[in-house]
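Structure at a glance
Below, each chain spelled out in residue letters.
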Number of protein chains: 2
Amino acid sequence: MYITGIGRTKFGKLDLNLHEMMLEAASKALADAKTPLEKIDAIFLSNNLSGLNQGQLHLNSLLATILQTDIPIIRVESTCASGGVTFYNSLFCLSRFKNILVLGVEKMSDIDSKQLSTNIGTTSDVELDQRQGFIFPVGGAMIIERYEKRYGPVMDELAELSLKNHENGNLNEYAHFYGKQVTLEKIKSSPVIVGKLRLYDCSPTSDGAVAFVVSTEKRDGRSVRIASCEMATGPLSLSLNPGTSMPAQVAACQRALKAAGMKIGDIDLIEIHDGYTIIELITMEDIGLCRRGEAPSLIRKGYTRRDGKKPVNTDGGLKADGHPIGATGLAQMYEAVVQLRGEAGERQVSARTALTHNIGGMVGSCVVSVFRRGE
Amino acid sequence: MYITGIGRTKFGKLDLNLHEMMLEAASKALADAKTPLEKIDAIFLSNNLSGLNQGQLHLNSLLATILQTDIPIIRVESTCASGGVTFYNSLFCLSRFKNILVLGVEKMSDIDSKQLSTNIGTTSDVELDQRQGFIFPVGGAMIIERYEKRYGPVMDELAELSLKNHENGNLNEYAHFYGKQVTLEKIKSSPVIVGKLRLYDCSPTSDGAVAFVVSTEKRDGRSVRIASCEMATGPLSLSLNPGTSMPAQVAACQRALKAAGMKIGDIDLIEIHDGYTIIELITMEDIGLCRRGEAPSLIRKGYTRRDGKKPVNTDGGLKADGHPIGATGLAQMYEAVVQLRGEAGERQVSARTALTHNIGGMVGSCVVSVFRRGE
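Here the structure is a predicted model, which means the values were calculated and not measured.

**Focus on the overall build of chain A**
Per the secondary structure count, chain A includes 13 helices and 11 strands. Since a compact globule built from 375 residues should have a radius of gyration of about 21 Å, the 19 Å found for chain A is in line with a globular shape. Seen through its principal axes, chain A has C-alpha atoms that stretch 55 × 45 × 35 Å. A sequence separation of at least 24 residues applies to 77% of the contacts in chain A between residues at least 6 apart. A gap of 4 Å separates the mean positions of the 42 positive and 42 negative side-chain charges of chain A.

In structure tokens form, the structure reads like this:
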């Protein structure tokens, strides 16, 4: 199985609606794959919040309307892991189909911020989270507290992660914060959101869409091989997991590496779902880059910087590339493909293999995928 | 591929929440299949409105929490076709997995009826429908108008369909309207909803859940073979299709019969998605039971009654069994399985083959499945 074509919109506050973003990303992916829509057998569509944000469900039929097609189109929702879960789900159908389109989209900037927070809150547990006043930034702050109690101070290292991701995002013209000048001082003095969590520890509210053509056979040397893609689930509420490790992401990563016949040391480039900087840090440990408590030390050494041993989030990550929920998991894979093709320009790293890590909730759903340069 | 176990809740206004309904249906299906959860490789979860109705998205993780599992769980949304689309989607993964659970659930009775109408309205096109004041009963009434203009009066026949489905539902102890005494007079004098559409032309607002175990191999003589399952999509808005035929359901039915190597004449039992009585009527024509304009004549002859040549909706259909949106498509298949097993009791018909027809919108998504008695 190969990703034979990719397309995306810029991420950020866009003057585009769901229709327009889907059409732009899909058209670009089809053109990049040199595959007309008539050769696409089915479409898998990722979106989280269009029912609540735009009052528009049945999005698969909206896409059929826009593309004027009658092929199967399936919409999958799994909050911030929607992109990864949709991709995971789509691959099964390649036992029957030759070419499919995978598309993720989210429109968030047209919603009042308080309403948006409520809408996003619906992806946490009604009983255990929502009724207790839990919102996701609180979850980020809670994990910082837990981590510091167990392993010591970590805020300087989180600021380093934020800076790294902003610097990477400044080399990615599609990124939400492309062109934004950010310094450590700016990060460390940014407004406190809750507890120790500051604004620059949080991913932004973005619009955007990403699409791939996925095929059973490679098209040319630019096709990127899908070595594995695995999923695991876990509890919906953070209150059911008191640790600094998220079992679902440990399981998904182990499954994906095993299925690809690789170890984490074999991976050249990693995209981690840094919804909050602390998530990037604990995930470094959960996927086995180091032992528990050692991620801060790796960060201080610049281990995951673009010029480090194991670059993480070369596109800027969720922090700087952006976080249009339904598209995010696919944006991570988009970066993996661009890097493995050697088309990443100024932010190019040396990579023959890449791993992407996409989560929903904290952590209720996790998809980890491994890619190899087309040979 | 076989359905090796089935389970469902009663449909109706239930004193059960999403958790409880999912658990009841899943537990029954696992017990019926004599397959413990540990042998289930993945779960596919159908739901339409939990984000809007219960403020609960990321339902796949909620299910992982309830079942205390970490296996892949994928949630699919496709409005009233959610059940069928989830089933269609799930079958691809049997190229890799042996046993999966397919589960559909919807909770509707705890929502204020005006709010519920708005929530259901989100499954129509924001621009072409919602902003014009379109709600689904209007769509039902519009199709009646179109049909009568082209082919003559039809209200008596629609009342016959409603009566047939209520009579069937009275033999189905799980049905929403089990035990309700209904007469032609009661149907014809029921309140007008809009245009010529009356209350008894409409399916009700139901809670409920249905689950299956689907396996690559049959378990025993009670296993029902999935001969085919196909999907087609179409325009989101009824305003884009001025006819009395719905291309997506014509396409899905033709694909499913072709894939099963059958003709409509080979099918013994049919479950049609009668969200409104007029949908059952036009679908009789779209799936090829008769030519255009001839469905009223077939209905007058009792062709689709339980004792007719081609029984339709022996469980009571959406009209009387109920319409818990995310579970509906699976409930139709549940009836197919019960009938093909010969376990339908008083409502048993003679059937070796069955076809189920599940739609979303009018008609933006359609899934048609064909089943054979296990041999």
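Text resumes after the structure shown.
**Observations regarding the pairing of strand S1 (residues 2-8) of chain A**
Both faces of the sheet carry side chains from a regular strand, because those side chains alternate between them. Residues and elements named next belong to chain A. Here S1 lies mainly inside the structure; seven of its seven residues are buried. Where S1 and strand S8 (residues 224-233) come together, two bridges link them in antiparallel fashion. What sits directly across from Ile3, in S8, is Val224. When S1 meets strand S7 (residues 208-215), the two strands line up antiparallel, connected through six bridges. Note on S7: the bridge partner recorded for Ile3 is Val214.

**Here we look at the interface of chain B and chain A**
One frequently used descriptor of interface size is the decrease in accessible area upon assembly of the parts. Listed per partner, the contact involves 56 residues of chain B and 56 residues of chain A. Taking both sides of the interface into account, the surface hidden between chain B and chain A amounts to around 4,100 Å²; carbon and sulfur atoms contribute 53%. Broken down residue by residue, the surface that chain B buries against chain A is led by His58, Phe92 and Thr233 of chain B, which jointly contribute 16%. Remark: the boundary between chain B and chain A carries six salt bridges. Among the salt bridges present, the one from Arg75 of chain A reaches Glu77 of chain B, with a minimum N-O distance of 2.9 Å. Taken together, the links from chain B to chain A amount to 35 residue pairs in polar contact (both at pLDDT 80 or more). Broken down by secondary-structure element, the contributors of at least two residues to the side of chain B that touches chain A are helix H2 (50-53), helix H3 (59-67), strand S3 (73-76), helix H4 (82-91), strand S8 (224-233) and helix H9 (247-260) of chain B.

**Observations regarding the side chain of Thr328 of chain A**
Residue and element names in this part refer to chain A. Position of Thr328 among the secondary structure elements: in helix H13 (residues 325-341). A relative accessible area of 1% places Thr328 in the buried class. Once residues within four sequence positions are removed from consideration, Thr328 is found in contact with His273, Leu318, Gly322 and His323.

**Observations regarding H3 of chain B**
Residue and element names in this part refer to chain B. Within H3, seven of the nine residues are buried, which leaves the element mostly enclosed by the surrounding structure. Among the residues of H3, those classed as buried are Leu59, Asn60, Ser61, Leu62, Leu63, Ala64 and Leu67. Remark: Gln68 follows H3 within two positions and exhibits a positive phi of approximately 50 degrees.

**Comments concerning the relation of the copies chain B and chain A**
The transformation that overlays chain B on chain A combines an axial shift of 0.0 Å with a rotation of 180 degrees, and the residual RMSD is 0.0 Å. The two molecules are tied by a two-fold rotation axis, judged by turn and shift. Relative to the rotation axis, the C-alpha of Val76 of chain B is the closest in chain B, positioned 2.3 Å from it. Interface overlap between copies is the fraction of interface residues in one copy that are interface residues in the other; for chain B against chain A it reaches 100%, indicating a shared surface.

Scoring rules and cut-offs
- Each chain carries its own residue numbering, running from 1 in the written order of its sequence.
- Labels follow written order: the first chain is A, the first ligand is 1, and so on.
- The predicted origin of the model limits local features to residues at a pLDDT of at least 70 and limits the giving and counting of side-chain atom pairs to 80 or more, whereas totals for whole chains, interfaces and linings rest on all residues.
- For the side-chain quantities, the full set of heavy atoms in the structure was used; hydrogens and water were omitted.
- Think of it this way: any DSSP run of H or I at least four residues long counts as a helix, any run of E at least two long counts as a strand, and we number them from the N terminus.
- Here the globule rule reads 2.2 Å times residues to the power 0.38, and the radius of gyration is calculated from C-alpha atoms.
- Any two residues whose heavy atoms approach within 4.5 Å at even a single point are treated as in contact.
- Charged residues are defined here as Lys and Arg on the positive side and Asp and Glu on the negative side; His and the ends of the chain fall outside this count.
- To locate a charge, the coordinates of NZ of Lys, CZ of Arg, CG of Asp or CD of Glu are taken.
- A 1.4 Å probe rolled over the protein chains alone gives each residue an accessible area, and that area as a share of the maximum for its type sets the label: buried under 20%, exposed over 50%, partly exposed in between.
- In this scheme, strands are said to pair when DSSP sees at least two bridges between them.
- Computed with a 1.4 Å rolling probe, the buried area is the accessible surface lost when two parts are put together, summed over both parts.
- When a carboxyl oxygen of Asp or Glu is within 4 Å of a side-chain nitrogen of Lys or Arg, the pair counts as a salt bridge.
- Side-chain atoms alone can form a polar contact between residues adjacent in sequence; in general such a contact is a pair of N or O atoms within 3.5 Å, and within protein one must be able to donate a hydrogen while the other accepts it.
- We superpose the copies by least squares over the C-alpha atoms of residues that have a pLDDT of at least 70 in both of them.

By themselves, these observations are geometric and do not establish any function.
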